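Structural overview
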Amino acid sequence: MSEKYLLRYMGQTDAQNLDYALEHGAYSALKKVLSEMPPGEVTGLVKAAGLRGRGGAGFPAGVKWGFIPSAEKRGGKPVYLVANADESEPGTFKDRAIMTYDPHLFIEGIAISSYAVDAHQAFIYIRGEFHQESLILERAVAQAYQAGFLGKDIQGSGFDLDLVVHRGAGAYICGEETGLLSSLQGGRGEPRLKPPFPAVVGLYSCPTVVNNVETLACVPWIVNRGVDWFRSMGPASGPGPKIYCVSGHVKRPGLYELPMGVSLRELIYEHAGGIRMDRKLKAVIPGGSSTPVLTADEIDVNMDFDSLGKIGTMLGSAGVIVMDETTCMAKALANLTYFYAHESCGQCSQCRQGTHWIDQIASRIAQGRGNPGDIEKLYDVVRRTRGGPTIEMIPAEPGATIGCSPELFREEFGTVLKPETLLRILDSEATEEDLGAVTGIMPRMAGQTICVLPMAVAAPVESFLTKFRQEFDYLIENRKSMVEGGFELASA
Amino acid sequence: MLREKLAGEIQGIIERYPEKRSAVLPLLEKAQELQGHLTKELLEEIGEVLDMSAPEVYSVASFYSMFHLEPVGKNRLYVCRTLSCALAGSGDLLSACEKKLGIGEGETTEDGQFSLFSFECLGSCGTAPVIMANREYHEEMDLAKLDALLERLSKETANDVVEQSAVNERSGEGDSPDSREP
């Protein structure tokens, strides 16, 4: 078993106590940073480590921090840091464990990151359902204040930071960063168009960094152990320790902290103990419900951003949902389409209506009431719901982004943007002018939605239909599933 | 009511944020704790405290699954229905809840003790199936654990005075979008 860093205390609550955490090295990285490193150096370190966001999109954290405008350009506006603890992608349950078992690691990560981006006010946006976890965090935050790791003049460094724990109230879309910010500002959790990105116009219209819990928890380790240590785990394009969430039909569902890039087969058959009752594996969703499904023949793949991208799926939030041979894929799909229909925020008409249409068709197929032509209809509705490629994905690293290849961008934007602008965007080196040029072509992007929810529903629908087509055809033709048993749909 | 009961707390909550309005979710949460659901009066009061109109506060409250705009039971059971829980038998668990309580999803028992909801992913997929009872997670649920849970909750709230207000069948979730048959 490899060494653990993010889940060192999994299953024991000792580290919720600051004294215990301090004995085991908590806040040593923060002290080091505050006494030895200027903020820019911290950002440089995280960039050099190649830490990519663990929330889903895989955007390099240091690069994101680098988008925060300099103090001169901000014109007196404060910078905010928001920790995204709205963990709500089906299949994902890792952040909850970090917050429960190592809250001080998380808080230390927030403090160091805030220092790096010159933020003096940070928020933890935690989903409302995680009430117990939010209380653990509130206690840990109070302890950190008392011990001088938060508040004014932290450790005599002159650096001030306030941290507020803010509970959401149940809405998947609040995990999307602009939806989260709308919610934190006291509104409905409705996403807004990007650009401008939160780094420029975020919380209260001020520059804002939004990072996932696991991403932030990596930061103290990078400071303490260094870039080479971090890069020694996993591929160069996205290294580090990684928490994999395994659920579904395995013998030992749970969290597995392993080096980035573990093989999916090893994860399922060695770490998670294989398929329950030694049944046959049928399908695996590798990165949360919004990532395309893999068949049993596709599990010889490394669980990292690029390897999964190469076979047409994504690491996402590393929520691995395993389905055995007893699973009716049509029912599994209908379960997910219901989820997206329920969670569409309703701003964009094609998503508001399309997700419900998709769910209606997927549900009637699953219930043996499908009509000939329904599969084509599903593909068609998905295509129309999704619209064009979403512009917000442009500055993200190609290949790590939701369903969009750089080629697609070239085709879509190449005719309206200067080639050099496009190249800088694709290389994550976009200047403000480049982003302005992108904004300029926004009106031409008719048919697209504000956020990526339609892409999130498209991923399971298209991949389930394509990879398990036979099962769907059989169900429509014979009005019953090829699979005996299986689970009942909780929603009819 | 809100201002009377939470006189000492409201200002502190508001002061956590650079802008007042950010306190709306925490105040809605506090308000719901007072009466079990968010009444028109509570929404209006939050609006007054935060300089928002009552419809604005309503618009926010109605966005989130955890807020109830209609009366609910003393105990709320939220059964996770999303994929990992479904694979682990949450459908059976929900049916068992319905049978034991004699109510359907979205309904409240006649004695006002229990409301039952199916809920989207609770983020505890590794310990599926999961029920959130009020604010507490109950993981790796099975029928025996469900019995014990229902019994415990019944005892805890048996002596509470149940409000005589009409307990509606469904909370204000029914804003079904335009969903014509494609």
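Above this note sits the structure.
Residues numbered from 1 in each chain as written. Chains lettered and ligands numbered in written order. Predicted model: local features only at pLDDT ≥ 70, side-chain atom pairs only at ≥ 80, totals over all residues. Heavy atoms only, no water.

**Quick notes on the overall build of chain A**
For the record, the criterion: Secondary structure elements follow DSSP: runs of H or I of four or more residues count as helices, runs of E of two or more count as strands, with numbering from the N terminus. Exposure is judged per residue with a 1.4 Å probe applied to protein chains only, and the accessible area is read against the type maximum: over 50% gives exposed, under 20% gives buried, and values in between give partly exposed. Throughout, a contact is declared for two residues whenever any of their heavy atoms are within 4.5 Å. Each accessible area is a Shrake-Rupley estimate made with a 1.4 Å probe; only the visible protein chains count as cover when residues are assessed.
For chain A, the helix and strand inventory stands at 20 helices and nine strands. Going through the 492 residues of chain A one by one, you find that 64% of them count as buried. At a minimum sequence separation of 6, the contacts of chain A that also span at least 24 residues come to 72%. Put simply, chain A shows about 17000 Å² of open surface, and 50% of that area lies on carbon and sulfur atoms.

**Looking at the sheet that holds strand 3 (residues 131-133) of chain B**
Residues and elements named next belong to chain B. The condition is simple: Following DSSP output, two strands are said to pair if at least two bridges run between them. Angles run from 0 to 180 degrees between N-to-C directions of axes, and those axes are lines fitted to C-alpha atoms, restricted for helices to the stretch in contact.
Reading across the sheet, the four strands line up as 2-1-3-4 and stay open at both edges, with mixed pairing between neighbours. Of all the strands in the sheet, just strand 2 (114-119) and strand 4 (136-138) have a single pairing partner and so form its edges. Averaged over all neighbouring strand pairs, the angle between strand axes comes to 25°, with direction disregarded. Sitting on the sheet, helix 7 (residues 90-101) touches strand 1 (75-80), strand 2 and strand 3, and the angle it makes with strand 1 is about 155°.

**With respect to the interface of chain B and chain A**
This is how it is decided: Accessible area, probed at 1.4 Å, shrinks when two parts are joined; the buried area is that loss added up over both. Whenever Lys or Arg places a side-chain nitrogen within 4 Å of a carboxyl oxygen from Asp or Glu, that contact is recorded as a salt bridge.
Each side of the interface is counted separately: chain B has 47 residues, and chain A has 68 residues. Taking both partners together, chain B and chain A bury about 4600 Å²; carbon and sulfur atoms supply 56% of that area. On the chain B side of the interface with chain A, the three residues burying the most area are B:Phe63, B:Leu83 and B:Leu87, jointly 16% of the side's total. At the surface where chain B touches chain A, the tally comes to two salt bridges.

**A short note on the packing of aromatic side chains**
All names here are of chain A. Selection criterion: To pair, rings of Phe, Tyr and Trp, with the six-membered ring standing in for Trp, must have centres within 6.5 Å; the planes then decide the type, stacked if under 30 degrees apart, edge-to-face if over 60, and tilted in the middle. For a ring to carry a charge above it, either NZ of a lysine or CZ of an arginine must fall within 6 Å of the ring centroid while also lying within 35 degrees of the normal to the ring plane.
Applying the stated criterion to the full structure yields 19 aromatic pairs over all chains. Ring centres of phenylalanine 59 and phenylalanine 67 lie 5.9 Å apart, and the angle between their planes is 35°; on these two criteria the pair is classed as tilted. Judged by its relative accessible area of 13%, phenylalanine 59 falls in the buried class. Plain terms: the ring middles of tyrosine 80 and tyrosine 204 are 5.6 Å apart, the flat faces sit at 70° to each other, and that makes the pair edge-to-face. With tyrosine 80 in strand 1 (residues 79-85) and tyrosine 204 in the loop between helix 9 (177-184) and strand 4 (208-212), the pair connects residues that are 124 residues apart, well separated along the chain. Across the pair, exposure class does not vary: tyrosine 80 and tyrosine 204 are buried alike. Taken together, the ring pairs connect Tyr5, Trp221, Trp229 and Phe230 into an aromatic cluster. Here the basic side chain of arginine 127 rests over the ring of phenylalanine 130, its NZ or CZ set 5.3 Å away from the ring centre. Taking the ring centre of tyrosine 244 as reference, the NZ or CZ of lysine 242 above it sits at 6.0 Å.

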